[in-house]
Amino acid sequence: MKILVTNDDGIYSPGIAELARLATRFGDVKIVAPDVEQSSVSHAITHARPLFLKSSNIKFENIEAFRVNGTPADCVSLGTHLDSNTEVVLSGINYGFNIGNAIWHSGTLAAAKQAVLLGIKGIACSTLAGKKEPDFERMSDYLEKTLFQLINHTEFGLYNVNIPPEPKGICWTRQSVQFYDGRIVPGMDPMGRKHYWHTIVPLEPAEEGTDRWAVEQGYISITPLRLDLTNEAALSKQLK
Ligand code: MN
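The rules behind each value
Residues numbered from 1 in each chain as written. Predicted model: local features only at pLDDT ≥ 70, side-chain atom pairs only at ≥ 80, totals over all residues. Heavy atoms only, no water. Salt bridge = Lys/Arg side-chain N within 4 Å of Asp/Glu carboxyl O. Helix = DSSP H or I, 4+ residues; strand = E, 2+ residues; numbered from the N terminus. Buried < 20%, exposed > 50% of the residue type's maximum accessible area, 1.4 Å probe, protein only. Pairing = 2+ DSSP bridges. Axes fitted to C-alpha atoms, helices over the stretch in contact; angles between N-to-C directions. Contact = heavy atoms within 4.5 Å. Core = buried A, V, L, I, M, F, W, Y, C linked by side-chain atoms within 4.5 Å. Donors = N, O, S within 2.8 Å, 3.2 Å for Na, K, Ca; no water.

## Here we look at the pattern of salt bridges
As a working rule, side chains carrying opposite charge can pair if their charged atoms are close by.
Alright, step 1. Scanning all chains against the criterion turns up eight salt bridges.
Alright, step 2. The salt bridge involving Arg25 is made with Glu144; its shortest N-O contact spans 2.4 Å. You can see Arg25 sitting in the loop between α1 (14-23) and β2 (28-34) and its partner Glu144 sitting in helix α4 (residues 136-153), a full 119 residues away along the chain.
Alright, step 3. Take Glu144: its relative accessible area is 23%, and that puts it in the partly exposed class.
Alright, step 4. Here Glu64 and Lys30 are joined by a salt bridge, their closest N and O atoms 3.8 Å apart. In this pair, Glu64 is assigned in strand β4 (residues 64-68) and Lys30 in strand β2, connecting sequence segments 34 residues apart.

## Notes on the sheet that holds β4
Alright, step 1. With mixed pairing, the nine strands of this open sheet are ordered in space as β3-β4-β2-β1-β5-β6-β7-β11-β8. Here the strands that pair on one side only, and so sit at the sheet edges, are β3 (53-55) and β8 (170-172). Each strand axis lies, on average, 25 degrees off the axis of its neighbour in the sheet, ignoring direction.
Alright, step 2. As defined by bridge partners, β2 adjoins β4 across five bridges and the pair is classed as parallel. Within β4, the position partnered with Pro34 by the bridge is Val68.
Alright, step 3. This element, helix α2 (residues 72-82), spans β1 (2-6), β2, β3, β4 and β5 (86-95) of the sheet and lies at about 155 degrees to β1.
Alright, step 4. Strand contacts of α4: β1, β5, β6 (121-127), β7 (158-163), β8 and β11 (220-225), with the helix running at about 160 degrees to β6, the strand carrying the most contacts.

## A look at the nonpolar core
Alright, step 1. Core analysis: the largest hydrophobic core is formed by 31 residues, its most contacted members being Val5, Ile31, Ile123 and Leu147.
Alright, step 2. Of all elements in the fold, only β1, α1, β2, β5, β6, α4, β7 and β11 reach the threshold of two or more residues within this core.
Alright, step 3. Per element, the largest residue contribution to this core is six residues, and it comes from α4.
Alright, step 4. Dropping the residues within four chain positions of it, Ile123 is found in contact with Val88, Val89, Leu90, Ser91, Ala112, Leu147, Leu150, Ile151, Tyr159 and Val161.
Alright, step 5. Counting residues in hydrophobic clusters, the runner-up holds eleven residues, among them Leu4, Val32, Leu78 and Ala111.

## A word on the coordination of the manganese ion
Alright, step 1. Every protein donor of the manganese ion is listed here as Asp8 (OD), Asp9 (OD), Ser39 (OG) and Asn94 (OD1), and their distances to the metal cover 2.1 to 2.2 Å.
Alright, step 2. Linear spacing of the donor residues for the manganese ion on their chain is D-D-x29-S-x54-N. You can see Asp8 sitting in the loop between β1 and α1 and its partner Asn94 sitting in strand β5, a full 86 residues away along the chain.
Alright, step 3. By relative accessible area, Asp8 is classed as buried at 2%.

Have a look at this one:
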């Protein structure tokens, strides 16, 4: 099985090295990832300038790796163009959960979405990024089990995986849409100028059964997502 691995943190992120390492258990792996960090670029594609595919100067063990001057979605388009029989795209492991409404901004998830648009199974993986670096060794057993299940035993589609620092199990969830965690926080720079950060602020407790709830309980959250955003209830009212 051909597996393409990408991310939005850039090819230098330790998260992509870990995901590619785990992916080698399931098939032939190729890495095509942004040459600089592309977090929060969502599903942007590059259409007004050419993309270049260059060899990575990071050497991954027995894995062919390329860096691209583009977005996560660009990397998926380019990677699957080069390997047209790619069966799975893995994106991550992102530094920072992609849960609740954060998934609207996520480049990690957008890479998996781009795969699904192209007819390929897409799996996005994210973990908590606090003050300390993520301890990938602590999560690797459960993450490998999760990938095994998603790669070998689920149908074509889009899957959003979030991994707590010390997982104790795996939980299928829905997206938490109750709260929005993106806020503008003003501050002052060293020259006394007012500036603004778009940031994440702590939220109220999550609803049971959601992605946020699962990671708070210490479970790996798997949320199956769909690309059809049609509001069926509103549409059926209009069609009456
Ligand atoms: Mn990121």
